[in-house]
Amino acid sequence: MIPKRFEIATVLLLLAPLSSGFGLWLIFQAGILVGSNAADMITVAETGVGVLFFILGFPLFFTSIGVFASKESLEAQKWVHWLGRLNPKIENGDPSPVSSAKGRVYAMVILLVVFIQAILLIPGIGEDRLYPLNQFYGLLGSLWYFYVLATGLSGFILIYYRRIGGYIPAIIMMVLSIGTTVPDVLGLLPPSAPTLRTTVLMLSVLPLAIPLVYVSWKALHVKVSEPSSSKIATPPDPTKARCS
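Calculation rules
Residues numbered from 1 in each chain as written. Predicted model: local features only at pLDDT ≥ 70, side-chain atom pairs only at ≥ 80, totals over all residues. Heavy atoms only, no water. Helix = DSSP H or I, 4+ residues; strand = E, 2+ residues; numbered from the N terminus. Buried < 20%, exposed > 50% of the residue type's maximum accessible area, 1.4 Å probe, protein only. Contact = heavy atoms within 4.5 Å. Axes fitted to C-alpha atoms, helices over the stretch in contact; angles between N-to-C directions. Parallel < 35°, antiparallel > 145°, perpendicular 65-115°, else oblique. Left-handed = near helix turned anticlockwise from the far one by under 90°. Nonpolar A, V, L, I, M, F, W, Y, C, P; charged D, E, K, R; others polar. Phe/Tyr/Trp six-rings, centres within 6.5 Å; stacked < 30°, edge-to-face > 60°. Lys NZ or Arg CZ within 6 Å of the ring centre and 35° of its normal. Arc of directions from axis to C-beta. Patch = residues over 30% accessible without salt bridge, like charges linked within 9 Å, V, L, I, M, F, W, Y side chains within 5 Å. Areas by Shrake-Rupley, 256 points an atom, 1.4 Å probe, with all protein chains shown as cover. Salt bridge = Lys/Arg side-chain N within 4 Å of Asp/Glu carboxyl O. Expected span 1.5 Å × (residues − 1). Core = buried A, V, L, I, M, F, W, Y, C linked by side-chain atoms within 4.5 Å.

Undergrad: Can you walk me through the overall build of the chain in this structure?
TA: Counting its regular elements, the chain contains nine helices and zero strands. The helix and strand sequence of the chain, counted from the amino end, reads α-α-α-α-α-α-α-α-α. Going through the 244 residues of the chain one by one, you find that 39% of them count as buried. Expressed as a percentage of contacts within the chain between residues at least 6 apart in sequence, the contacts between residues at least 24 apart total 75%.

Below is the structure:
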């Protein structure tokens, strides 16, 4: 049983790159509008909205990590309080899974190897292609890269501190990595298909994805701690007391 607060944190974590990416797209679209005064006003408005969505992605990301790190529902509710009317209600009786060391070391080792591979894929080290940062795709690709890396790093830190919620960012990181790597290797993403060295580095992540997802999924399906209030002592039977 996965607590509801982890489901809310997952939604916020997935909304973070969508918000920042959409804001970045609006900013670049605004740069296309030139000419009349009306177009200039539209450009300013569209740029302002784009900046707002771009910045919004960062508090959404850190809020989701805070909810994953929370030990109980009341602590998680404080992280989402800034959303105001959109504040999701987290049940006070939301049970907390019992942290288990089973699979913890395997998950941390796999994540560490993935981080090393991610560093090797930085342009100029293992990545032969150049991504111009003055273009939309270059900035979006860099934003996506750091988002996926930050998601995995957050999962690693939470798992290290025995927070059961850290396994969810680990799963999300691997799913996103697979969803990006396969189309890129097939040459479906700009600017061009990767070279042989880059392809080998990218494909080396895939064999690690399955065991990490499996270990993380098993760690999430653990017993749920029962609240102490539910343990009510049964009064002694008076008839048995007389017989004794």
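Undergrad: Explain the packing of helix H1 (residues 4-30) against helix H5 (residues 136-160) to me, please; I cannot follow it from the model alone.
TA: Think of two packed helices as two axes; the pair is described by the angle between the axes and how far apart they sit. Across the interface, H1 lies against H5 with an axial gap of 11 Å and an inter-helix angle of 165°. With respect to H5, the axis of H1 lies roughly antiparallel. Note that H1 runs across H5; the crossing there is right-handed. Where H1 abuts H5, its residues Leu 13, Leu 14, Ala 16, Pro 17, Ser 20, Gly 21, Leu 24, Trp 25 and Phe 28 lie against Phe 136, Leu 139, Leu 140, Leu 143, Trp 144, Tyr 147 and Thr 151. Here the contact of H1 with H5 is built from residues that sort into 13 nonpolar, three polar and no charged.

Undergrad: Would you take a moment to explain the packing of aromatic side chains for this structure?
TA: Describing an aromatic ring pair means giving the distance of the ring centres and the angle of the ring planes. Summed over the entire model, instances satisfying the criterion amount to ten aromatic pairs. Measuring from centroid to centroid gives 6.0 Å for Phe 115 and Phe 156, while their planes differ by 75°, and the two rings are edge-to-face. Taken together, the residues Phe 115 in helix H4 (residues 104-120) and Phe 156 in helix H5 connect sequence positions 41 residues apart. Through successive ring pairs, a cluster of aromatic residues spans Phe 61, Phe 62, Trp 144 and Tyr 147. Residue placement shows Arg 5 over the ring face of Phe 6; its charged tip is 5.0 Å from the ring centre.

Undergrad: So what exactly am I meant to see when it comes to the packing of H1 against helix H6 (residues 167-185) here?
TA: Two elements in contact, H1 and H6, have axes whose closest approach is 11 Å; the angle formed by their N-to-C orientations is 35°. Judged by the sense of rotation from one axis to the other, the crossing of H1 with H6 is right-handed. Between H1, through Phe 6, Thr 10, Leu 13 and Leu 14, and H6, the contact on the second element is made entirely by Ile 168, Pro 169 and Ile 172. Tallied by class, the residues present in the contact of H1 with H6 amount to six nonpolar, one polar and no charged.

Undergrad: Sorry if this is basic, but what is going on with helix H7 (residues 196-203) here?
TA: The periodicity of an α-helix, 3.6 residues per turn, causes residues three or four positions apart to be oriented the same way. The complete set of buried residues in H7 reads Thr 198, Thr 199, Leu 201 and Met 202. The buried side chains of H7 occupy one side of the element, clustering within an arc of 165° when seen end-on. The exposed residues of H7 that point more than 90 degrees off its buried face are Leu 196 and Val 200.

Undergrad: Which parts of the structure should I look at to understand a nonpolar patch on the surface?
TA: A surface patch of nonpolar side chains, amounting to about 520 Å² of accessible area, comprises Phe 22, Trp 25, Val 49, Phe 53, Leu 56 and Trp 82. Secondary structure elements with two or more residues in the nonpolar patch: H1 and helix H2 (37-69). By residue number, the principal contributor to the nonpolar patch is H2, which donates three residues. What makes Val 49 partly exposed here is its relative accessible area of 38%.

Undergrad: I keep staring at helix H8 (residues 206-220) and nothing clicks. Help me out?
TA: Taking 1.5 Å per residue as the helical rise, H8 with its 15 residues ought to reach 21 Å, and the 22 Å between its terminal C-alpha atoms agrees with that figure. For H8, the complete set of buried residues consists of Leu 208, Ala 209, Leu 212, Val 215, Ser 216, Ala 219 and Leu 220. The arc enclosing the buried residues of H8, seen along the axis, measures out at 145°, which places them on a common side. Pointing more than 90 degrees away from the buried face of H8 are the exposed residues Pro 207, Ile 210, Tyr 214 and Lys 218. In this structure, the buried residues of H8 make contact with H4 and H6.

Undergrad: Hey, could you run me through the environment of Tyr 137 in this one?
TA: Locating Tyr 137 in the fold gives a position in helix H5. Judged by relative accessible area, which is 27%, Tyr 137 ranks as partly exposed.

Undergrad: Which parts of the structure should I look at to understand the nonpolar core?
TA: Among the nonpolar cores identified, the biggest contains 41 residues, and Phe 68 and Met 173 are the most heavily contacted of them. At the level of elements, H1, H2, H4, H5, H6 and H8 are the ones that each hand at least two residues to this core. If we skip the residues at most four places from it in the chain, Phe 68 touches Phe 6, Ala 9, Thr 10, Leu 13, Leu 158, Arg 163, Gly 165, Ile 168 and Pro 169.

Undergrad: For this particular structure, what's the right way to read unusual backbone geometry?
TA: For residues other than glycine, phi is negative in most cases, and the peptide bonds are mostly trans. Phi at Arg 162 is positive, roughly 60°, even though this residue is not glycine. Along the chain, the position of Arg 162 falls in the loop between H5 and H6.

That's the geometry; what it means functionally is another story.
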